[in-house]
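# Examination of the molecular architecture
Single-letter residue listing:
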Amino acid sequence: MQKELNKIFQDCLNHLKEATSNKSNFHLPVIGSINENEVELRTVVLRDFNENNNTLVFYTDFRSPKIDQIKNNPTVSFMFYDGVLKEQLRIKTKSTIHHHDDISLKYWEKIKPENRRDYAAKQSPSSASIDFSTYLEEDWINHTEDFYQNFAVVYNEILEIDWLIINKELNKRARFFIQKSGFIGEWLTP
Ligand SMILES: Cc1cc2nc3c(=O)[nH]c(=O)nc-3n(C[C@H](O)[C@H](O)[C@H](O)COP(=O)(O)O)c2cc1C
């Protein structure tokens, strides 16, 4: 890869590594999945980035609608934007759902009991709710292990990164896409 493109690619990977911290402006990407003929977008927390297999990781409730959407079509897109750096990363991925396996267990064990509330809803996320104040299981904090069954980890293997920086002098844009030999980079018109 040309030297400048290679430097931008390595910077993208570093941004993704840093984005697992809540100090990064890239920490809360928007992800898009396909629901029949419609695009569905939502914010998630970037929980991990595995550089060995270029995989972005987020957690979700196994009962949430996005799980079925990803099962039906594992093409998931991420959109990251840092308003200070003025950099946008649009990333296409192929996703795999981990539920009740070694990977989901490894991540579950890292979650503090009080943070397991996200998986303690009585009903599926996005289902109709009569009263917002009663959506959690009774006394959930004292039996958080029960909610492991609702916990899913989604692995998203990067296929393509579209990088854009908005500069006063000149905007710059590049695309990096995976081939058998590794990532190939090319400039795009911004
Ligand atoms: C700041 C923020 C972070 C969020 N993080 C997650 C997350 O990591 N995983 C998740 O499933 N939903 C997360 N959500 C909620 C989703 O945006 C979405 O409302 C929910 O997952 C239901 O989506 P679905 O109906 O498309 O499955 C977050 C929302 C906000 C505002």
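Computed from a prediction, not measured in an experiment: that's the story for all the values here. (Residues numbered from 1 in each chain as written. Predicted model: local features only at pLDDT ≥ 70, side-chain atom pairs only at ≥ 80, totals over all residues. Heavy atoms only, no water.)

### Some thoughts on the environment of Asn156
What counts here: Only runs of H or I of at least four residues qualify as helices and only runs of E of at least two qualify as strands under DSSP, and these elements are numbered from the N terminus. The contact definition used throughout considers only heavy atoms, calling two residues in contact when any of these lie within 4.5 Å. Polar contact criterion, stated in full: a pair of N or O atoms within 3.5 Å, where within protein one must be able to donate a hydrogen and the other to accept it, and residues adjacent in sequence count only if both atoms are side-chain atoms.
Positionally, Asn156 belongs in strand E7 (residues 151-165). With 10 residues separating them in the primary sequence, Asn156 and Ile166 have C-alpha atoms 27 Å apart. Dropping the residues within four chain positions of it, Asn156 is found in contact with Asn54, Thr55, Leu56, Val57, Phe58, Val76, Phe78, Thr93, Lys94 and Ser95. Looking at Asn156, its side chain comes within polar contact range of the side chain of Ser95, at 2.6 Å.

### Examining the UniProt feature "domain: Pyridoxamine 5'-phosphate oxidase Alr4036 family FMN-binding" (unreviewed entry) in the protein chain
Inclusion rule: UniProt positions are given in the numbering used here, feature names are shortened, and annotations may be inferred rather than shown by experiment.
UniProt's feature table lists "domain: Pyridoxamine 5'-phosphate oxidase Alr4036 family FMN-binding" (unreviewed entry) at residues 13-98, given in the numbering used throughout. The annotated region residues 13-98 carries 16% helix and 49% strand content, and the separation between its end C-alpha atoms amounts to 23 Å.

### Here's the deal with the site of the ligand
The following threshold applies: Summary of the distance rule: residues count as near a molecule or strand when at least one heavy atom falls within 4 Å of that molecule or strand. Computed with the Shrake-Rupley method and a 1.4 Å probe, the accessible areas treat only the protein chains shown as cover for residues. Residues are grouped as follows: nonpolar covers Ala, Val, Leu, Ile, Met, Phe, Trp, Tyr, Cys and Pro; charged covers Asp, Glu, Lys and Arg; every other residue, Gly included, is treated as polar.
What surrounds the ligand is the set Arg42, Thr43, Val44, Val45, Tyr59, Thr60, Ser64, Pro65, Lys66 and Ser126. A distance of 2.8 Å is found between an oxygen atom of the ligand and a side-chain nitrogen or oxygen belonging to Arg42. Within the backbone of Tyr59, an N or O atom sits 2.8 Å from a nitrogen atom of the ligand. Within the complex, the protein chains bury 61% of what would otherwise be the 620 Å² of accessible surface of the ligand. Mapped onto the shell around the ligand, the elements with two or more residues apiece are strand E2 (38-43), strand E4 (55-61) and helix H2 (65-72). Classifying every residue of the shell around the ligand by side-chain character gives four nonpolar, four polar and two charged.

### Side note on the side chain of Thr60
One can find Thr60 in strand E4. Side chain to side chain, Thr60 and Ser64 meet in a polar contact 3.3 Å long. In terms of polar contacts, Thr60 uses its side chain to reach the side chain of Lys66, at 3.1 Å. Beyond its immediate stretch of four places on either side in the chain, Thr60 contacts Lys66, Ile67, Tyr119, Asn150, Phe151, Ala152 and Val154.

### Details of the pairing of strand E6 (residues 87-98)
Condition: Strands pair, by our definition, only if DSSP identifies at least two bridges between them.
Bridge analysis of strand E5 (residues 75-82) against E6 gives eight bridges, and the strand direction is antiparallel. Bridge assignment links Met79 to a residue of E6, and that residue is Arg90. What sits between the antiparallel neighbours E5 and E6 is a turn of four residues, in which Lys86 has the positive phi angle 60°. In terms of strand pairing, E6 meets E7 through 12 bridges, oriented antiparallel. Along E7, the bridge assignment pairs Lys94 with Glu157.

### Section: the pattern of salt bridges
Here is the rule: What counts as a salt bridge is simple: a side-chain nitrogen of Lys or Arg found within 4 Å of a carboxyl oxygen of Asp or Glu. Burial here depends on accessible area, computed with a 1.4 Å probe over protein chains only, as a share of the maximum for the residue type. Under 20% is buried, over 50% is exposed, and the range in between is partly exposed.
By the definition in use, this model includes 10 salt bridges. Across the pair Lys172 and Glu4 runs a salt bridge, and its minimum N-O distance is 2.7 Å. Here Glu4 lies in helix H1 (residues 3-18) and Lys172 lies in strand E8 (residues 172-179), a separation of 168 residues in the sequence. One salt bridge in this structure joins Lys92 and Glu160, with 4.0 Å as the shortest N-O distance. Linking Lys92 in strand E6 with Glu160 in strand E7, this pair joins segments that are 68 residues apart in sequence. Owing to a relative accessible area of 42%, Lys92 belongs among the partly exposed residues under this scheme. The structure contains a network of salt bridges with shared partners spanning Lys92, Glu160, Arg175 and Glu186.

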